[in-house]
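# Structural description and commentary
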Amino acid sequence: MQTDRAEDRDGVPQPSPMAAAYEAYLNGDFAACFAILDTAATSAPAEQREAVLLRARALLRQHRPDDVVALVGPALAHFVGIDEACTARMLHAVAVMRNGSLDRGFGLLAEVDAAARSLCAHRTIRAEIAYWIAYGYWLRRDYTNALRQAAVAEAARADVVSVRAASLRGFVAVAKERYPEALALFQSALHAYDACRERDPDLAERLLVQIASLELTLRSATITGTHTSRSEIVRIPEAGARVPGVFRMQIAALDGWLYAFDGERANAYRNVRVAEELAPTVPWRMWALANRANIALAFGDTAIAVHPDDPRYVAI
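Keep in mind that this is a model prediction, so the values were computed, not measured.

### Brief notes about the overall build of the protein chain
The number of helices and strands found in the protein chain is 17 helices and 2 strands. Here the protein chain holds 316 residues, and 46% of them are scored as buried. Put simply, 58% of the contacts in the protein chain that link residues at least 6 apart link residues at least 24 apart. Summing over all exposed atoms, the protein chain offers an accessible surface of approximately 15400 Å²; the carbon and sulfur share of this is 55%.

### Focus: the environment of Glu 181
Note on placement: Glu 181 falls in helix α10 (residues 179-194). Between the C-alpha atom of Glu 181 and that of Arg 169, which follows or precedes it by 12 residues, the distance is 9.6 Å. Of the polar contacts made by the side chain of Glu 181, one reaches the side chain of Arg 178; its length is 2.6 Å.

### Here we look at the pattern of salt bridges
Between side chains of opposite charge, a pair can form when the charged atoms approach closely. Applying the stated rule across the entire model yields 17 salt bridges. Put simply, Asp 113 and Arg 117 hold a salt bridge, and the shortest N to O gap is 3.2 Å. Taken together, the residues span about one helical turn, with Asp 113 and Arg 117 both in helix α6 (residues 102-118) at a distance of 4 residues. The exposure class assigned to Asp 113 is buried, which follows from its relative accessible area of 11%.

### Quick word on the side chain of Asn 271
You can see Asn 271 is positioned in helix α14 (residues 265-278). For Asn 271, a relative accessible area of 6% corresponds to the buried category. A polar contact is formed between the side chain of Asn 271 and the backbone oxygen of Asn 267, at a distance of 3.0 Å. Not counting chain neighbours up to four residues away, the residues in contact with Asn 271 comprise Ala 252, Asp 255, Gly 256 and Tyr 259.

### Here's the deal with the environment of Ala 146
In this fold, Ala 146 is placed in helix α8 (residues 143-155). A sequence separation of 13 residues divides Ala 146 from Ile 133, and the C-alpha atoms of the two residues are 7.4 Å apart. Setting aside residues no more than four positions away along its own chain, Ala 146 makes contact with Ala 134, Tyr 137 and Trp 138.

### A look at α8
In this model α8 runs 18 Å from its N-terminal to its C-terminal C-alpha over 13 residues, within 8% of the 18 Å that 1.5 Å per residue would give. Of all the residues in α8, the buried ones are Tyr 143, Ala 146, Gln 149, Ala 150 and Ala 153. For α8, the angular spread of buried residues about the axis comes to 130°, placing them on one side. Exposed residues pointing more than 90 degrees away from the buried face of α8 are listed as Thr 144 and Ala 155. Buried residues belonging to α8 abut α7 (123-139) and α9 (160-175). Just downstream of α8, Arg 157 is the residue with a positive phi angle, here 50°.

The rules behind each value
Residues numbered from 1 in each chain as written. Predicted model: local features only at pLDDT ≥ 70, side-chain atom pairs only at ≥ 80, totals over all residues. Heavy atoms only, no water. Helix = DSSP H or I, 4+ residues; strand = E, 2+ residues; numbered from the N terminus. Buried < 20%, exposed > 50% of the residue type's maximum accessible area, 1.4 Å probe, protein only. Contact = heavy atoms within 4.5 Å. Areas by Shrake-Rupley, 256 points an atom, 1.4 Å probe, with all protein chains shown as cover. Polar contact = N/O pair within 3.5 Å; in protein donor to acceptor, adjacent residues only side chain to side chain. Salt bridge = Lys/Arg side-chain N within 4 Å of Asp/Glu carboxyl O. Expected span 1.5 Å × (residues − 1). Arc of directions from axis to C-beta.

Below you can see the structure in the form of structure tokens.
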């Protein structure tokens, strides 16, 4: 990563365009990252390759593997240096795997993993490769090897990469119906995420959904809802403009049920209303309305369950 700084007219150091783009990426502001990369003029080959890799990372985070394959695939032979070449091959392999070609992408990942280990690539790169291999095993329902590779990535303490690996262990626990263990793993992963330099709102929201769902499933005298600590996370997106999302909507809906179980009618309906506001599409809004109807019936509020604009609901 280049960190050269230019000076403005007052002699105050300013971050280079690549440094600014990388900072935007770390903050989860992909629109700003792309805008900087689109306007930054550089003739240095190293910075051009760095820009391609950063753009590919942002595209993967936006779930656009087709674009990553088209961007990185033709340029693979042009990347130089062990870390740079391994990163490019990894991003390409992951995109292939997530693009529907699981076996081919997984095979490419295995090749780059062997190269990264034999050539002693940077430990963070090796940790990231290990995580994606674990993810590939997860897709294959090979939980033993998924856990083995996730442990490698988690032990590297590679910022958000290690948190993703920890969360994958939680999903394996869910798949094996070990729900208390899964809840503890997701809670631990969320705590570790708080200390990460890189922000990944999708990861944080995914963890919160799993925690809320498991709290609801395991509701008892010893497992209670931590929903009060999620309210602001649900309402306020992290850095970068983001549209309402399914995860945040589901968190609010689940919290509505947790409050309902506490007998807190006003808080239950408040979260139900948040879920309706966050619904990203008409079908999801119908889902949120159905969820409200079920909670209303649980409270015996038949009118609120039947009429979306019932004044008693609006007044709560």
